[in-house]
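Observations on the model geometry
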Amino acid sequence: YRWNWRLRAVRGSANDYSEIFNRVDALNARGDDFVPAAEATIDVDQWMRTFVVNDLAANWDSFGNPGGKNTFHYKPSGERWQLMSWDLDVGLGVFNDPVDSALFNVGDPVVSKLYANQQFKRSYWHAMREAVDGFFQRSEVSPVLDAKWAALRAAGVPLTSPNVASGHEGLSIPR
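My aim in this report is to walk through the structure given alongside it, one point at a time. Along each chain, the written sequence defines residue order, and numbers are assigned to residues from 1. Thresholds applied to this predicted model are a pLDDT of at least 70 for local features of residues and 80 or more for the giving and counting of side-chain atom pairs; totals over whole chains, interfaces and linings are not thresholded and use all residues. The side-chain quantities take in all heavy atoms of the structure and omit both hydrogens and water.

1. So, the overall build of the protein
Just so we agree on the cut-off: Numbering of helices and strands runs from the N terminus, with a helix taken as a DSSP run of H or I at least four residues long and a strand as a DSSP run of E at least two residues long. By definition, residues are in contact when any of their heavy atoms lie within 4.5 Å.
Tallying secondary structure elements over the protein gives 6 helices and 2 strands in all. Ordered by position from N to C terminus, the α and β elements of the protein give α-α-α-β-β-α-α-α. Across the protein, the fraction of contacts at a sequence separation of at least 24, relative to all contacts at a separation of at least 6, is 52%.

So, in structure tokens, the structure goes:
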């Protein structure tokens, strides 16, 4: 996809796409072969946690959401495929992210297949509960936000507190 998979001017691992093809084959397995193939190839819990964080941030422009991009797929040596989202510029109330958007309406047939599987959907809901009962609690997030805001202010960065309504939407993070 885009520049991520371009051939390099070296011989060897940089041009070895076998792991990508293995993942594609596993995620397109049919019937009873799908779940074990997917579990052997991708870190399902990590993928679902990534999907949850993007959903909670209303980041629809990421893999696992309707935008379907802005996410690196990487495979550490000896491990399963993982995801790392980047380019969070449309979420958090900034653009086209109604709070009542459908969670599992992604348009990508492979992600839809993951969500259609009850075992993988349970992993998604487990990650959602972990987020809501954990790092989304004010007692968890407020000290982190306050410390980062104070550090940026101390460095002379001109910004508005995350606790003050700002921007064209007048949004803030409630205390």
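2. Focus on the packing of aromatic side chains
Definition in use: Here is the rule: rings of Phe, Tyr and Trp (six-membered ring for Trp) pair when centre to centre is within 6.5 Å. Planes less than 30 degrees apart are stacked, more than 60 are edge-to-face, and the remainder are tilted. Think of it in three bands: with a 1.4 Å probe and only protein chains considered, a residue is buried below 20% of the maximum accessible area for its type, exposed above 50%, and partly exposed in between. Definition used: whenever NZ (Lys) or CZ (Arg) falls within 6 Å of the ring centre and also within 35 degrees of the ring normal, the charge is taken to sit over that ring.
According to the stated counting rule, one finds 12 aromatic pairs in the structure shown. With a centroid separation of 5.4 Å and an interplanar angle of 70°, the aromatic rings of Phe135 and Phe136 are classed as edge-to-face. A relative accessible area of 42% means that Phe135 is categorised as partly exposed. Here the aromatic residues Trp47, Phe51, Phe63, Phe104, Tyr115, Tyr124 and Trp125 are joined through ring pairs into a cluster of three or more. Lying across the ring of Trp81, Arg23 places its NZ or CZ 4.3 Å from the centre. The residue whose ring lies beneath Lys121 is Phe104, and the NZ or CZ to ring-centre distance is 4.6 Å.

3. Focus: a nonpolar patch on the surface
To keep things clear, this is the line we draw: Nonpolar side chains (Val, Leu, Ile, Met, Phe, Trp, Tyr) are joined into patches within 5 Å and like charges within 9 Å, using only residues with over 30% relative accessible area and no salt bridge. Computed with a 1.4 Å probe, the accessible areas rest on the Shrake-Rupley method; for each residue, only the protein chains presented here act as cover. Only one rule defines a salt bridge in this text: a Lys or Arg side-chain nitrogen within 4 Å of an Asp or Glu carboxyl oxygen.
A cluster of nonpolar residues, Val53, Phe135 and Phe136, forms a patch on the protein surface that exposes about 270 Å² of accessible area. Residue placement: Phe135 occurs in the loop between helix 5 (118–133) and helix 6 (138–154).

4. As for the packing of helix 3 (residues 44–56) against helix 4 (residues 109–116)
Quick note on the threshold: Angles shown run from 0 to 180 degrees and are taken between the N-to-C directions of axes, each axis being a line fitted to C-alpha atoms and, for helices, limited to the stretch in contact. In what follows, roughly perpendicular refers to angles from 65 to 115 degrees, roughly parallel to angles under 35, roughly antiparallel to angles over 145, and oblique to any angle outside these ranges. Under this grouping Gly is polar, as are all residues other than the nonpolar Ala, Val, Leu, Ile, Met, Phe, Trp, Tyr, Cys and Pro and the charged Asp, Glu, Lys and Arg.
The contact between helix 3 and helix 4 brings their axes to 12 Å, and the two run at 105°. Relative to helix 4, the element helix 3 lies roughly perpendicular. Between helix 3, through Trp47, Met48, Phe51 and Asp55, and helix 4, the contact on the second element is made entirely by Val111, Leu114 and Tyr115. Each residue belonging to the contact of helix 3 with helix 4 can be placed in one class, and the counts come to 6 nonpolar, no polar and 1 charged.

5. Brief notes about the packing of helix 4 against helix 5
Where helix 4 contacts helix 5, the two axes come as close as 5 Å, and the packing angle between them is 85°. One way to sum up the angle between helix 4 and helix 5 is to call them roughly perpendicular. Every residue of helix 5 that contacts helix 4 at Leu114, Tyr115 and Ala116 is listed here: Gln118, Phe120, Lys121 and Tyr124.

6. Quick look at unusual backbone geometry
The phi torsion of most residues other than glycine is negative, and most of the peptide bonds are trans. Its identity as a non-glycine residue notwithstanding, Ala58 has a phi of 55°, on the positive side. Examined against the element boundaries, Ala58 turns out to sit in the loop between helix 3 and strand 1 (71–74). Phi is positive for Asn70, close to 55°, though the residue is something other than glycine. For Asn70, a relative accessible area of 6% translates into the label buried.

7. Points about the pairing of strand 1
Worth spelling out the cut-off: Pairing between two strands requires that DSSP report at least two bridges joining them.
Side chains Thr71 and His73 project from strand 1 onto a buried face, and the interleaved Phe72 and Tyr74 project onto a face without burial. Bridge count between strand 1 and strand 2 (residues 82–85): 4 bridges; the pairing is antiparallel. Across the sheet, Phe72 pairs through a bridge with Met84, a residue of strand 2.

8. Observations regarding the nonpolar core
Operational definition: Residues belong to one nonpolar core when they are buried, are Ala, Val, Leu, Ile, Met, Phe, Trp, Tyr or Cys, and are joined through side-chain atoms within 4.5 Å.
Residues Leu27, Phe34, Trp47, Met48, Phe51, Leu114 and Phe120 are the most contacted members of the largest nonpolar core, which totals 26 residues. Contributions of two or more residues to this core are made by helix 1 (18–27), helix 2 (34–41), helix 3, helix 4 and helix 5. Beyond its immediate chain neighbours, meaning those up to four positions away, Leu114 contacts Leu27, Phe34, Ile42, Trp47, Met48, Phe120 and Lys121.

9. Brief notes about helix 2
Quick note on the threshold: Note that the arc is defined by the directions from the helix axis to the C-beta atoms.
For helix 2, the complete set of buried residues consists of Phe34, Val35, Ala38 and Thr41. Seen end-on, helix 2 carries its buried residues on one side only, within an arc spanning 145°. Of the surrounding secondary structure, the elements contacted by the buried residues of helix 2 are helix 1, helix 3, helix 4 and helix 5.

Any functional reading would require information that these geometric values do not contain.
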